[in-house]
Amino acid sequence: GQQVMQIPQYQHVQEGEDFTTYCNSSTTLSNIQWYKQRPGGHPVFLIQLVKSGEVKKQKRLTFQFGEAKKNSSLHITATQTTDVGTYFCAGPNYMDSSYKLIFGSGTRLLVRP
Amino acid sequence: IAGITQAPTSQILAAGRRMTLRCTQDMRHNAMYWYRQDLGLGLRLIHYSNTAGTTGKGEVPDGYSVSRANTDDFPLTLASAVPSQTSVYFCASSDTSKRNEQFFGPGTRLTVL
């Protein structure tokens, strides 16, 4: 079945360093979504990418969707302690004529102050 | 109510007992979902409902059942709990006619002994 893989599983950085998490799908995606989950919290939607090669920015966060629409990345420039959390990518699955999301296993970001 | 709520917040349950986790949303979203989150495994879909009156199985449906009698409520029932169902359970909803971003509830932490 469709799989969404995410690396690395963990990343521990010094505050001010950059961070990147990568997402790869076993199938071509119509779109990809990214979510952030703070420790003890629930996932919160960050962004959706739709177009091949699309790049979107949210302040220090840069999201990319691959040309083949099978991979994506999230890059954080100059991390801050507020960036701590787990970042998930998710791709749609339309099996059984129903819309569902398949989530990656997430990348947990820890930031040393 | 603002958004999506879940109850209880946490529960300790004896193996073999029946348990219903409640989920209510006030956004009039057509679709609702139940996920379980286990360390290192990300979010795995248990059951989903695209509209009131219909439900479908996700990746890990065994041991769980759901119902969708109306738009707002989507309870998840464990008929006879087992220790492997110890997890954090998240309910989510989305409007599949729009961007498909999912809104998550605060979660229920369930421990089965």
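Above this note sits the structure.
Because the structure is predicted, anything quoted here is derived from the model rather than measured. (Residues numbered from 1 in each chain as written. Chains lettered and ligands numbered in written order. Predicted model: local features only at pLDDT ≥ 70, side-chain atom pairs only at ≥ 80, totals over all residues. Heavy atoms only, no water.)

### A short note on the environment of K59(A)
Residues and elements named next belong to chain A. Using the following cut-off: Numbering of helices and strands runs from the N terminus, with a helix taken as a DSSP run of H or I at least four residues long and a strand as a DSSP run of E at least two residues long. Relative accessibility decides the category of a residue: with a 1.4 Å probe and only protein chains considered, values under 20% of the type maximum give buried, values over 50% give exposed, and everything between is partly exposed.
Looking at the element boundaries, K59 is found in the loop between β6 (55-58) and β7 (61-65). For K59, a relative accessible area of 86% translates into the label exposed. Residues K59 and T77, spaced 18 residues apart in sequence, show a C-alpha to C-alpha distance of 9.0 Å.

### Considering the packing of aromatic side chains
Residues and elements named next belong to chain A. So the rule is basically this: Paired rings are identified among Phe, Tyr and Trp, the last through its six-membered ring, by centres lying within 6.5 Å, and are further divided according to the angle between planes into stacked (under 30 degrees), edge-to-face (over 60) and tilted (the rest).
Enumeration according to the criterion identifies twelve aromatic pairs over all chains in this entry. A centroid spacing of 5.9 Å and a plane angle of 40° characterise the contact between F19 and Y87, whose relative ring orientation is tilted. With F19 in strand β3 (residues 19-25) and Y87 in strand β9 (residues 85-93), this residue pair connects regions lying 68 residues apart in the sequence. Side by side, F19 and Y87 carry an identical accessibility label, which is buried.

### Remarks on the sheet that holds strand β7 (residues 64-66) of chain B
All names here are of chain B. The test is simple: A strand pair is defined by DSSP finding two or more bridges across the two strands. Fitted lines through C-alpha atoms give the axes, limited to the stretch in contact for helices. The angle between two N-to-C directions lies from 0 to 180 degrees.
Pairing in this open sheet of four strands is antiparallel, and the strands run β1-β3-β8-β7 from one edge to the other. The outermost strands of the open sheet, each flanked by one partner alone, are β1 (4-7) and β7. Neighbour to neighbour, the strand axes of the sheet diverge by 20° on average, direction disregarded. Inspection of the sheet shows β1 paired to strand β3 (residues 19-25) by four bridges, in the antiparallel sense. Looking at the pairing, Q6 lines up with C23 of β3.

### Re the side chain of K36(A)
Residue and element names in this part refer to chain A. Applied cut-off: Only four residue types enter the charge count: Lys and Arg as positive, Asp and Glu as negative, with His and the chain ends excluded. A side-chain nitrogen of Lys or Arg and a carboxyl oxygen of Asp or Glu constitute a salt bridge if their distance falls within 4 Å. Polar contact criterion, stated in full: a pair of N or O atoms within 3.5 Å, where within protein one must be able to donate a hydrogen and the other to accept it, and residues adjacent in sequence count only if both atoms are side-chain atoms. What makes two residues a contact is simply this: any of their non-hydrogen atoms within 4.5 Å.
Tracing the backbone shows K36 in strand β4 (residues 32-37). It is D83 that comes nearest to the buried, bridge-free K36 among opposite-charge side chains, at 4.8 Å. Within the structure, the side chain of K36 is placed 2.8 Å from the backbone oxygen of T82, a separation counted as a polar contact. In this structure K36 touches H42, P43, V44, L46, T82, D83, V84, T86 and Y87, once residues within four positions along its chain are discounted.

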